[in-house]
Amino acid sequence: MPELPEVEITARRLSDGVAGACVESALAPGLVALKTFDPPLDALAGRELDGVRRIGKMLAVDAGELTLLVHLMSAGRLQLFDARASLRDRASRILVRLEDGRELRLREFGTQQRAWARLLRSDVVAEDEYVATLGPDAYPPPALDEFAKLVAQPRHLHPLLRDQRTIAGIGRSWVDELLWTARLSPFQKGSDLDEDELSALHAACDEVLGGALAHYEEVVGDTIPDKMPMPLQVHRRAGEECPRCGTRIEAIHFRDYVMCYCPEEQTGGRVLKDRRLSRLLK
Ligand SMILES: [Zn+2]
């Protein structure tokens, strides 16, 4: 799932690519991807694109008085192509065809159709339900005292940090990296953090998310790849050695994601119960 660093580099590269280009036509072959009908998608035709920016984990394609708000969900990509897609390309969800022959294309991998777009009047984007409810960006993180207030909730850090209403941009990949960097248990409660732990988590937002973005700035060219080269240390690395202390990285499997952590440094040496395993053993 593209999170803040992946969506930010996508916005930067696409913005450089499309700013000033004129839209010839726009269509939605993925019938369920477009969630709004007024204004119609083809209202983009004839407009000049101002650029692409990131709002939380969403992308906003600005075209004068209209904005196409896009959520990639877990498997969507917004990419710029030199030529038009074949209409038989079943991954296509939204096609914004440019007068110069290029095409800005929302594609989605896999069989599910979850990525979506909403065409809005630019002056109401901030009031849109998906935008108005977002907390401040996780990168750059808000000042430490504001960050402390946001996180002071009696909930486990793993879901708390992924809650876009608390802080925007963190998902299932980077939350593992942030907690590992700050040496915090995913099951510690936000309201139980002491000053040092809060500072460590705050610093991790800056270091980890900023580091990922700096990495993408170096390795991602003009074309947004299908698969981002994510510089992960613990996420998706269960069974490997912790890069810091050499302990075996453990994982807890949930229905649709995996949480990875270093037991030595994050959970006081305890290996937490893997719900998937315990269910299988019943
Ligand atoms: Zn470790």
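Residues numbered from 1 in each chain as written. Predicted model: local features only at pLDDT ≥ 70, side-chain atom pairs only at ≥ 80, totals over all residues. Heavy atoms only, no water.

Turning to the overall build of the protein, a few remarks are in order. In terms of regular secondary structure, the protein is built from 8 helices and 10 strands. Against the globule reference of 19 Å for 282 residues, the protein gives a C-alpha radius of gyration of 20 Å, in line with a compact fold. Its C-alpha atoms give the protein principal-axis dimensions of about 60 × 40 × 35 Å. Of the contacts formed within the protein by residues at least 6 apart in sequence, a portion of 62% connects residues at least 24 apart. On the protein, roughly 13,600 Å² of surface is accessible, and the fraction owed to carbon and sulfur atoms is 48%. (Helix = DSSP H or I, 4+ residues; strand = E, 2+ residues; numbered from the N terminus. Rg over C-alpha atoms; globule rule 2.2 N^0.38 Å. Contact = heavy atoms within 4.5 Å. Areas by Shrake-Rupley, 256 points an atom, 1.4 Å probe, with all protein chains shown as cover.)

Nonpolar side chains in soluble globular proteins generally cluster together in the buried interior. In this structure, L44, L68 and L201 are the most contacted members of the largest nonpolar core, which totals 59 residues. Looking at which element gives the most residues to this core, the answer is helix α6 (residues 195–219), with 9 residues. Discounting chain neighbours no more than four positions away, the residues touching L44 are V23, A26, A63, L66, V96 and L119. (Core = buried A, V, L, I, M, F, W, Y, C linked by side-chain atoms within 4.5 Å. Buried < 20%, exposed > 50% of the residue type's maximum accessible area, 1.4 Å probe, protein only.)

The 4 strands lie next to each other as β2-β3-β4-β8, forming an open sheet whose pairing is antiparallel. Each edge of the open sheet carries a strand with a single partner, namely β2 (51–55) and β8 (116–121). Geometrically, the sheet is characterised by an average inter-axis angle of 25 degrees between neighbouring strands, direction not taken into account. On top of the sheet, helix α1 (residues 4–18) reaches β2 and β3 (58–63); it is set at about 165 degrees to β2, its chief contact. (Pairing = 2+ DSSP bridges. Axes fitted to C-alpha atoms, helices over the stretch in contact; angles between N-to-C directions.)

Here we take up the sheet that holds strand β5 (residues 76–81). Note: strands within a sheet are paired through backbone hydrogen bonds, in either parallel or antiparallel orientation. Read from one edge of the open sheet, 4 strands run β1-β6-β7-β5, paired in antiparallel fashion. Where the open sheet ends on each side, the last strands, each with one partner, are β1 (23–27) and β5. Here the average twist between neighbouring strands, direction ignored, is 15 degrees. With respect to the sheet, α1 is in contact with β5, β6 (92–98) and β7 (103–108), its orientation differing from that of β5 by roughly 25 degrees.

Now for the packing of helix α3 (residues 144–151) against α6. The interhelical angle for the contact between α3 and α6, taken along N-to-C directions, is 105 degrees, at an axis separation of 10 Å. What the angle tells us is that α3 and α6 run roughly perpendicular. Across from L144, F147, A148 and V151 in α3, the residues of α6 making contact are L198, S199, L201, H202 and C205. For the contact of α3 with α6, the per-class residue count stands at 7 nonpolar, 2 polar and no charged. (Parallel < 35°, antiparallel > 145°, perpendicular 65-115°, else oblique. Nonpolar A, V, L, I, M, F, W, Y, C, P; charged D, E, K, R; others polar.)

Summed over the entire model, instances satisfying the criterion amount to 23 salt bridges. Linking E8 and R54 is a salt bridge whose minimum nitrogen-to-oxygen distance equals 2.7 Å. Note that E8 is positioned in helix α1 and R54 in strand β2, a separation of 46 residues in sequence. Note that D89 is salt-bridged to R107, the shortest N-O span being 3.8 Å. Placement of the pair is D89 in the loop between β5 and β6 and R107 in strand β7, with a sequence separation of 18 residues. By relative accessible area, which is 24% here, D89 ends up partly exposed. Each of the salt bridges in this network shares a partner with another, and the network as a whole consists of E8, R12, R13, R54, D137 and E217. (Salt bridge = Lys/Arg side-chain N within 4 Å of Asp/Glu carboxyl O.)

Bear in mind that shape data such as this cannot, by itself, settle questions of function.
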